[in-house]
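What the coordinates show
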Amino acid sequence: MSMTFRNMARGRLLAQQLESPRFKQARDVVAFMGAMQAQDYAMAKWAVGIRLPGATIKDVDNALKRGNVIRTHLLRPTWHFVSPDDVRWMLALTAPHIKSS
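First things first, this report covers the structure right here in the doc. (Residues numbered from 1 in each chain as written. Predicted model: local features only at pLDDT ≥ 70, side-chain atom pairs only at ≥ 80, totals over all residues. Heavy atoms only, no water.)

Focus on the overall build of the protein chain
Heads up, the rule is: Note on conventions: DSSP H or I runs of at least 4 residues are helices, E runs of at least 2 residues are strands, and numbering of each starts at the N terminus. Buried residues are those whose accessible area, probed at 1.4 Å on protein chains only, stays under 20% of the maximum for their type, while exposed residues exceed 50% and partly exposed ones sit between those limits.
For the protein chain, the count of helices and strands is 5 helices and 3 strands. Along the protein chain, helices and strands appear, N-terminal first, in the series α-α-β-α-α-β-β-α. Principal-axis analysis of the C-alpha atoms places the extent of the protein chain at approximately 45 × 35 × 25 Å. Relative to its full complement of 101 residues, the protein chain shows a buried share of 30%.

Observations concerning the packing of aromatic side chains
Filter applied, for reference: Any two rings among Phe, Tyr and Trp, with Trp reduced to its six-membered ring, count as a pair given centres within 6.5 Å; such a pair is stacked if its planes are under 30 degrees apart, edge-to-face if over 60, and tilted if neither. Comment: the charge-over-ring label is applied if NZ (Lys) or CZ (Arg) is within 6 Å of the ring centre and within 35 degrees of the ring normal.
A complete count under the given rule lists 2 aromatic pairs for this structure. Between phenylalanine 23 and phenylalanine 32, the ring centres sit 5.2 Å apart and the planes meet at 45°, which makes this aromatic pair tilted. Ring centres of tyrosine 41 and phenylalanine 81 lie 6.3 Å apart, and the angle between their planes is 70°; this geometry places the pair in the edge-to-face category. Of this pair, tyrosine 41 sits in helix H3 (residues 41-49) while phenylalanine 81 sits in strand S3 (residues 78-82); the two residues are 40 residues apart in sequence, bridging distant segments of the chain. Just above the ring of tryptophan 79 sits the side chain of arginine 71; from NZ or CZ to the centre is 4.5 Å.

Quick look at the sheet that holds strand S1 (residues 36-37)
Which entries qualify depends on this criterion: Note on pairing: two strands pair once DSSP finds at least 2 bridges between them. By definition, residues are in contact when any of their heavy atoms lie within 4.5 Å. An axis is simply a line fitted to the C-alpha atoms; with a helix, the fit covers only the stretch in contact. Between two such axes, the angle follows the N-to-C directions and lies from 0 to 180 degrees.
Strands sit in the order S1-S3-S2 across an open sheet of 3 strands; the sheet is antiparallel. Bordering the open sheet on either side are S1 and strand S2 (70-76), each of which pairs with just one other strand. Along the sheet, H3 makes contact with S1, S2 and S3, crossing S3 at roughly 25°.

Examining the pattern of salt bridges
For clarity, the cut-off: What makes a salt bridge here is a side-chain nitrogen of Lys or Arg within 4 Å of a carboxyl oxygen of Asp or Glu, nothing more.
Taken as a whole, this structure holds 3 salt bridges when the rule is applied. Residue glutamate 19 is joined to arginine 10 by a salt bridge in which the shortest nitrogen-to-oxygen separation is 2.4 Å. For glutamate 19, a relative accessible area of 24% translates into the label partly exposed. Put simply, arginine 27 and aspartate 85 hold a salt bridge, and the shortest N to O gap is 2.9 Å.

Quick notes on helix H2 (residues 26-33)
As a reminder of what qualifies: Starting at the helix axis, one direction is taken to each C-beta atom, and the arc is that of these directions.
Regarding H2, the residues found buried are Ala26, Val29 and Val30. Buried residues along H2 cover an arc of 95° about the axis, so they all sit on one side. Of the surrounding secondary structure, the elements contacted by the buried residues of H2 are S1, H3, helix H4 (57-65) and S3.

A short note on the pairing of S2
With 4 bridges joining them, S2 and S3 adopt antiparallel strand pairing. Counterpart to isoleucine 70 in the pairing with S3 is valine 82. Where S2 hands over to S3, the hairpin turn is made up of 1 residue, counted between the paired strands.

Structure (structure tokens):
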């Protein structure tokens, strides 16, 4: 397949889980993405929810309340959503830089 602008755009939509999303839980979306920018809390919840077919904002809120998704200062002094399964190893990698800055 040749790499056209249309193919690149479709590939990006697929990779970002915006077209043909395959996850059912907020935790799985965030884990797949690695970390998601969450500085603007309302928009960050929407960014997770749009990748979950049939989800409501209440579903995303509940995932946060239950700790299935964590909002933390992980990668720099801004907020990110991360999976609880990933937060420890990510902090181990990023904490020295965050502390020094």
